[in-house]
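Residue-level listing of the chains:
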Amino acid sequence: MNWITNYVRPRINSIFSRREIPENLWSKCDGCGTMLFHREISDNLNVCTNCNHHMHITPRDRFLSLFDGGVFNEVAVPEPLADPLQFRDQKRYPERMKTAQKTTGEKEAMLVATGEIGRTPIVAAAQDFSFMAGSMGMYVGNAIVAAAEEAVKLGRPLILFSAAGGARMQEGILSLMQMPRTTVAIQMLKEADLPYIVVLTHPTTGGVTASYAMLGDVQIAEPNALICFAGPRVIEQTIREKLPEGFQRAEYLLEHGMLDRVTDRREMRKELIVICRMLMQMPPPTWGDLPAPGPEEAKMPQTKA
C-alpha cells in the first residue's frame, strides 16, 4: 500500500480543491441587476430589497405566505383530455407538458386552494407563469370553474391571482372557449352574492385579460405589472406611433380607472383580509392575539361590570 498516493495526496487535493457552490444561492434582480441571496429574496416574498421590483413567485410560495400559518387545502381539478388536437410544432404537446411539469413540480398552470387569511375563510386560485407562460387551457378553465363552485358551496369569497401570456395555442379553439366558460363561472359567484377579488400580477395578457381577470368586484395589481390584451410592441408596430411612458403598466391603468388599487406584495395579505371582511360584512380583523392566560390568571374571579 502506497501511503502517500492513497492517503496524503487525496487529502491535500480535498483541502485545496475548489468547493462547488450551488447555483441557486444567488439571483439577479430583473429590475436593477443587484445580486440577492436566496434567503433574502424568499423572506421578502420575492421582492427586490434594493429597488422593490416584484419578481416571479410560484402559486405554492404565494399561498404559503397568504394563508394563516401557511396551511391550505388543495381543491381537486377535473383532468381534461391530454392532447385533444394531436398538436405538434417543434415538439409534441405532451412533451412540452412533461418538461413544464418537471421544471415547475406542478401538474398544471393553476393551483386552487381553500383556507383562512386572518381567520377569514376564502377560496384562492393562482396562475403560474413559469408553467408554459401560465397559458389558459382547458385545465385552467376547469380550475376556475372548480374554484367558483367551491366558493359557492362553502359561501366564501374567491381571490384569483392572474399571471398569463394568454390562451394556450396547443389547444386551439378549445382554449379560446375557456373565456366564455370562465365568465359564466364568475357569474355564479355574483348570483350567490359572493365577492370575487382579482390580483393582477406581471404579466397578465391576452385572453386572460379579456375574460376572468377583469371581472372582479375589486381589481388590485402588483406594482409595475404589465396588464394588456395586445402587448405594447404589437400596438406600436400596428399604429406606428410611440406609446406613452409606462403604457399598460399597473400605475398607468390605475390613473385611467381600470384598477382599484396598486398594492405592494408585502402588504397584499393585510389588504385582502380587510377587503374580504368588509365585503362579507364581518367584524374588523384582529391583527394581534393576546397570550393565553396563565394558571394564576385563570383562577382569579371575574367581576361583573
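The structure displayed is predicted, hence computed values, not measured ones. (Residues numbered from 1 in each chain as written. Predicted model: local features only at pLDDT ≥ 70, side-chain atom pairs only at ≥ 80, totals over all residues. Heavy atoms only, no water.)

Draft legend 1. Spatial organisation of the sheet that holds strand β4 (residues 110-117). In spatial order, the strands read β3-β4-β5-β6-β7-β8-β9; together these 7 strands make up an open sheet with mixed pairing. Strands at the two margins of the open sheet, each flanked by one partner only, are β3 (73-74) and β9 (261-262). With 4 bridges joining them, strand β5 (residues 120-127) and strand β6 (residues 158-164) adopt parallel strand pairing. Looking at the pairing, Ala-125 lines up with Leu-160 of β6. In the packing of helix α5 (residues 138-154) onto the sheet, the strands contacted are β4, β5 and β6, and the crossing angle to β4 comes to about 20 degrees. (Pairing = 2+ DSSP bridges. Helix = DSSP H or I, 4+ residues; strand = E, 2+ residues; numbered from the N terminus. Contact = heavy atoms within 4.5 Å. Axes fitted to C-alpha atoms, helices over the stretch in contact; angles between N-to-C directions.)

Draft legend 2. The nonpolar core, seen in detail. In terms of nonpolar packing, the biggest core is built from 41 residues, with Met-110, Val-112, Leu-189, Tyr-196, Tyr-212 and Ile-227 touching the most fellow members. Elements with a contribution of two residues or more to this core: α4 (93-104), β4, β5, α5, β6, α7 (178-191), β7 (196-204) and α9 (250-255). Not counting residues within four places of it along the chain, the set of residues in contact with Tyr-212 comprises Met-110, Gln-127, Met-136, Val-140, Ile-144, Leu-160, Thr-182, Ile-186, Tyr-196 and Val-198. Core analysis: the second largest hydrophobic core is formed by 21 residues, Leu-66, Met-268, Leu-272 and Cys-276 among them. (Core = buried A, V, L, I, M, F, W, Y, C linked by side-chain atoms within 4.5 Å. Buried < 20%, exposed > 50% of the residue type's maximum accessible area, 1.4 Å probe, protein only.)

Draft legend 3. Focus on the state of the cysteines. Overall, the coordinates contain 0 disulfides when judged by the stated rule. Of the cysteine sulfurs around Cys-32, a residue in no disulfide, the closest is that of Cys-51, at 3.6 Å. On the accessibility criterion, Cys-32 (35% relative accessible area) is partly exposed. (Disulfide = S-S within 2.5 Å.)

Draft legend 4. Focus on the packing of aromatic side chains. Tallied over the full model, the rule gives 5 aromatic pairs. Geometrically, the ring pair formed by Phe-247 and Tyr-252 is edge-to-face, given 5.4 Å between the ring centres and 70 degrees between the ring planes. With relative accessibility at 22%, the residue Phe-247 sits in the partly exposed group. One aromatic cluster in this structure is built from Phe-63, Phe-67 and Phe-72. In this arrangement the basic side chain of Lys-270 is found over the ring face of Trp-287, its NZ or CZ atom lying 5.9 Å from the centre. (Phe/Tyr/Trp six-rings, centres within 6.5 Å; stacked < 30°, edge-to-face > 60°. Lys NZ or Arg CZ within 6 Å of the ring centre and 35° of its normal.)

Draft legend 5. How the structure looks around the layout of surface pockets. Considering only enclosed or pocket space, the largest pocket measures out at about 410 Å³ in volume. Lining the largest pocket we find 24 residues, and of these His-54, Met-55, His-56, Ile-57 and His-202 sit closest to its centre. Only β5, β6 and β7 provide two or more residues apiece to the lining of the largest pocket. Its residues assigned to classes, the lining of the largest pocket shows 9 nonpolar, 10 polar and 5 charged. (1 Å grid on protein atoms, 1.4 Å probe; cavity = no way out; pocket = protein on both sides within 12 Å on 5 of 7 lines; lining within 4 Å. Points joined across faces, edges and corners; volume = space filled by probe spheres on them. Nonpolar A, V, L, I, M, F, W, Y, C, P; charged D, E, K, R; others polar.)

Draft legend 6. Local environment of the pairing of β6. Of all 7 residues that make up β6, 7 are buried, and the element is covered over most of its length. Covered by surrounding structure in β6 are Leu-158, Leu-160, Ser-162 and Ala-164 together with Ile-159, Phe-161 and Ala-163, the residues of both alternating faces. Following the chain from β5 across α5 to the adjacent parallel β6, one finds a crossover that is right-handed. Bridge count between β6 and β7: 6 bridges; the pairing is parallel. Across the sheet, Phe-161 pairs through a bridge with Val-199, a residue of β7. (Right-handed = clockwise from strand over helix to strand, strands pointing away.)

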